[in-house]
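Listed below are the residues making up each chain.
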Amino acid sequence: MKLTWLGHACFLLEGSKRVLVDPYVPTGSTAGISPDIVAVTHGHADHMGDAVSIGAKTVAGNEVAKYLAAKGIDATGMNIGGSAVVDGIRFTMTPALHSGWLEEAGPGYYGGSPGGFVIAFDGVSVYHAGDTALFSDMQLIRDLYRPDVALLPIGGRYTMGPDEAMIAANYVGAPLVVPMHYNTWPAIEQDPDAFRRAVERTTDIRVRVLAPGESVTVGSPE
Ligand code: ZN
């Protein structure tokens, strides 16, 4: 599976299908990507992004899915701890310690619980943590879903920062970690290479710092 970071929390997973997670591209556009399925971790604008304008099948928490369905999107709703199979791809919604305003709908519109996703297809398991604080039940994600790669926020302020993400990497236990949700704005400025060095110095986990638009192959030799 080819995994491409498009910036912030947006990743494109390409195998037998194309899955776009959190379709907000800070420098660029989602135009021309044409994914088979979009997954939205929560309603904040920097995650929901272009979900409506892309118009593809979309997987999201129940409240966000209902909003998208009202906009004409073929949306599959789910909730934390559950799974949904769409086009042969298994999406499992994981907890995320965060907030859930559905920003696009306006002030006060509750977007339900934020989450993360474990996305499994083509024999590869990808954990996208969404926006979250560190929580020790990430160990259950390791035990249950054995992710091949963990996509972890390191920006701080609105999510965990590098110190917490280092523990998260250990809890999730994926052999590969890709940091996300940093350096989009001054409030979440971090040094991803310092995070990489700290993890790789103390564990067998490999951290791949991607530039926006850069890809890594997951689940088979590069
Ligand atoms: Zn958020």
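Quick note: structure is the one above.
Quick look at the structure, then. (Residues numbered from 1 in each chain as written. Predicted model: local features only at pLDDT ≥ 70, side-chain atom pairs only at ≥ 80, totals over all residues. Heavy atoms only, no water.)

1. So, the sheet that holds strand β3 (residues 18–21)
Sheet architecture is open: seven strands sit in the order β6-β5-β4-β3-β2-β1-β14, paired in mixed fashion. Across the chains shown, the open sheet's two edge strands, defined by having one partner strand only, are β6 (75–78) and β14 (215–217). Each adjacent strand pair in this sheet contributes to an overall mean axis angle of 20°, direction not counted. (Pairing = 2+ DSSP bridges. Helix = DSSP H or I, 4+ residues; strand = E, 2+ residues; numbered from the N terminus. Axes fitted to C-alpha atoms, helices over the stretch in contact; angles between N-to-C directions.)

2. Quick notes on the environment of H44
In this fold, H44 is placed in the loop between β4 (37–40) and α1 (45–48). Along the backbone, H44 and V85 are 41 residues apart, and their C-alpha atoms lie at a distance of 24 Å. Those residues in contact with H44, other than ones at most four positions away along the chain, are H98, S99, G100, W101, E103 and D131. A distance of 3.2 Å separates polar atoms of two side chains, one belonging to H44 and the other to H42. (Contact = heavy atoms within 4.5 Å. Polar contact = N/O pair within 3.5 Å; in protein donor to acceptor, adjacent residues only side chain to side chain.)

3. Details of the coordination of the zinc ion
In the first shell of the zinc ion, the protein supplies H42 (NE2), H44 (ND1), H98 (NE2) and D131 (OD), at 2.1 to 2.3 Å from the metal. Coordination at the zinc ion is irregular, judged from the four donor atoms that bind it and the angles of 88 to 169° they form at the metal. Of note, the zinc ion draws all its donor residues from one chain, in the sequence arrangement H-x1-H-x53-H-x32-D. Of this pair, H42 sits in the loop between β4 and α1 while H98 sits in the loop between β8 (89–95) and β9 (115–121), and the two are 56 residues apart along the sequence. (Donors = N, O, S within 2.8 Å, 3.2 Å for Na, K, Ca; no water. Tetrahedral: all angles 85-135°; square planar, octahedral: opposite > 155°, others 65-115°.)

4. Some thoughts on the pattern of salt bridges
One pass over the full model with this rule turns up seven salt bridges. D193 is the salt-bridge partner of R196, the closest N and O atoms lying 3.5 Å from each other. With R196 and D193 both in helix α6 (residues 192–202) and three residues apart, this pair spans about one turn of that helix. By relative accessible area, which is 26% here, R196 ends up partly exposed. Judged by its relative accessible area of 32%, D193 falls in the partly exposed class. Among the ionic pairs, E214 bridges to R208, the shortest N-O distance being 3.2 Å. Here the residues in one salt-bridge network are K2, E14 and R18, joined through shared partners. (Salt bridge = Lys/Arg side-chain N within 4 Å of Asp/Glu carboxyl O. Buried < 20%, exposed > 50% of the residue type's maximum accessible area, 1.4 Å probe, protein only.)

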